[in-house]
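Here is how the chains run, residue by residue.
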Amino acid sequence: MTKTPPLRAIERPKRALARHPRGRGFTLVELAMVLVILAVLGAGLLVPLGSRMDARDRQASLERLGDIQHALIGFALIHGRLPCPSTTTDPASPLYGIEDPAPCSFASEGRLPWRSLAVPATDAWGSPRTAVGDDWGGHWHYRVDPRFAEAPITAATLPSANLQIRGHDGSRITTSDSQAVAIVYSTGPNRRADGLNASYTVTAPLYQAGPPTPDYDDLLAWLGRPLLIARLAQGGRL
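Undergrad: Summarise the pattern of salt bridges; cite the residues concerned and give the values.
TA: A full pass over the atoms with the stated rule returns 4 salt bridges. Note that D57 is salt-bridged to R56, the shortest N-O span being 3.1 Å. Between D135 and R191 there is a salt bridge, and its shortest N-O distance comes to 3.5 Å. Highlighted residues: D135 in the loop between α3 (114-117) and β2 (141-144) and R191 in the loop between β4 (180-186) and β5 (206-208), separated in sequence by 56 residues. For R191, a relative accessible area of 31% gives the class partly exposed.

As structure tokens, this is what we get:
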């Protein structure tokens, strides 16, 4: 026969439960505080992520600029000259991305003839154009000295356009001995020319190069006469 436990033994657990009530949920104030903390943490993560993406795109564009310099030298080795700019604006034209026929026109700044060089049409921030009215943002700007767009380039060929590269402080980067014979630049993440690159004219061919600043994010590279002559000599073109 089963014995009934004493009444005192049954009541003790009940009193213990009474001292430990079930956990309550979050209040609206507590939930709001959690959301604010999560928002602050998320915003803190976005800044480094954006910086990493910008650094990645900048590095990719610099690598493309290096490829373009090699392609320009290769073109000169094959043809004995540098290519003319491309000024065709209609993406549907078979001449789009192809260098203009010689003699080169310098009435306005041209675009890199990417199809003639077999290189990407844009930097990492650009996108392909599909219509005449589309923006050129992200497409490479290109300028070549007229004397070096004529074949054959020889050791005696001298620049005539007086292309000059300046630093952010206005100091000369190129000199009369190291003068640029071709210039290529990207307008960077803001997709517009900055500094001296924005004030380009045929009669005042001053360009700007240097690390990014709050007012300048272009990426500019140039091909100097000494380097080009050396490469042509190495390739048996001189």
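Undergrad: Pulling in residues and values, what's your account of the environment of N197?
TA: The residue N197 is located in the loop between β4 and β5 in this model. Between the alpha carbons of N197 and Y207 there is a distance of 5.1 Å; along the sequence they are 10 residues apart. Each residue touching N197, except ones within four places of it in the same chain, is listed here: Y185, Y207, Q208, Y216, D218 and L220. Looking at N197, its side chain comes within polar contact range of the side chain of D218, at 3.0 Å.

Undergrad: Break down the state of the cysteines for me, citing the residues and quoting the values.
TA: Scanning the model with the defined rule gives 1 disulfide in all. Through a disulfide, C84 is tied to C104; the S-S separation comes to 1.8 Å. Here the S-S torsion is close to -90°, and the disulfide linking C84 with C104 is therefore left-handed. Of this pair, C84 sits in the loop between α2 (28-79) and β1 (110-111) while C104 sits in the loop between α2 and β1, and the two are 20 residues apart along the sequence. Residue C84 shares its accessibility class with C104, and that shared class is buried.

Undergrad: Please set out helix α4 (residues 225-234) residue by residue, giving values where relevant.
TA: Along α4, the residues that are buried comprise R225, L228, I229 and L232. In an axial view of α4, the angular spread of the buried residues amounts to 95°, which keeps them on one side of the axis.

Undergrad: Can you lay out the nonpolar core for me, pointing to particular residues and giving the numbers?
TA: If you look at the biggest cluster of nonpolar residues, it comprises 32 residues, and the most contacted ones within it are L72, L82, L112, Y142, V184, L223 and L228. Of all the secondary structure elements, the ones that give two or more residues to this core are α2, α3, β2, β4, β6 (219-224) and α4. For this core, the element with the highest residue contribution is α2, accounting for 7 residues. Setting aside chain neighbours within four positions, we find L72 in contact with L82, P83, L117, Y142, V184 and L223. Residues A161, I183, Y200 and L220 belong to the second largest nonpolar core, which totals 11 residues.

Definitions and limits used
Residues numbered from 1 in each chain as written. Predicted model: local features only at pLDDT ≥ 70, side-chain atom pairs only at ≥ 80, totals over all residues. Heavy atoms only, no water. Salt bridge = Lys/Arg side-chain N within 4 Å of Asp/Glu carboxyl O. Helix = DSSP H or I, 4+ residues; strand = E, 2+ residues; numbered from the N terminus. Buried < 20%, exposed > 50% of the residue type's maximum accessible area, 1.4 Å probe, protein only. Contact = heavy atoms within 4.5 Å. Polar contact = N/O pair within 3.5 Å; in protein donor to acceptor, adjacent residues only side chain to side chain. Disulfide = S-S within 2.5 Å. Arc of directions from axis to C-beta. Core = buried A, V, L, I, M, F, W, Y, C linked by side-chain atoms within 4.5 Å.

Geometry only, nothing functional implied.
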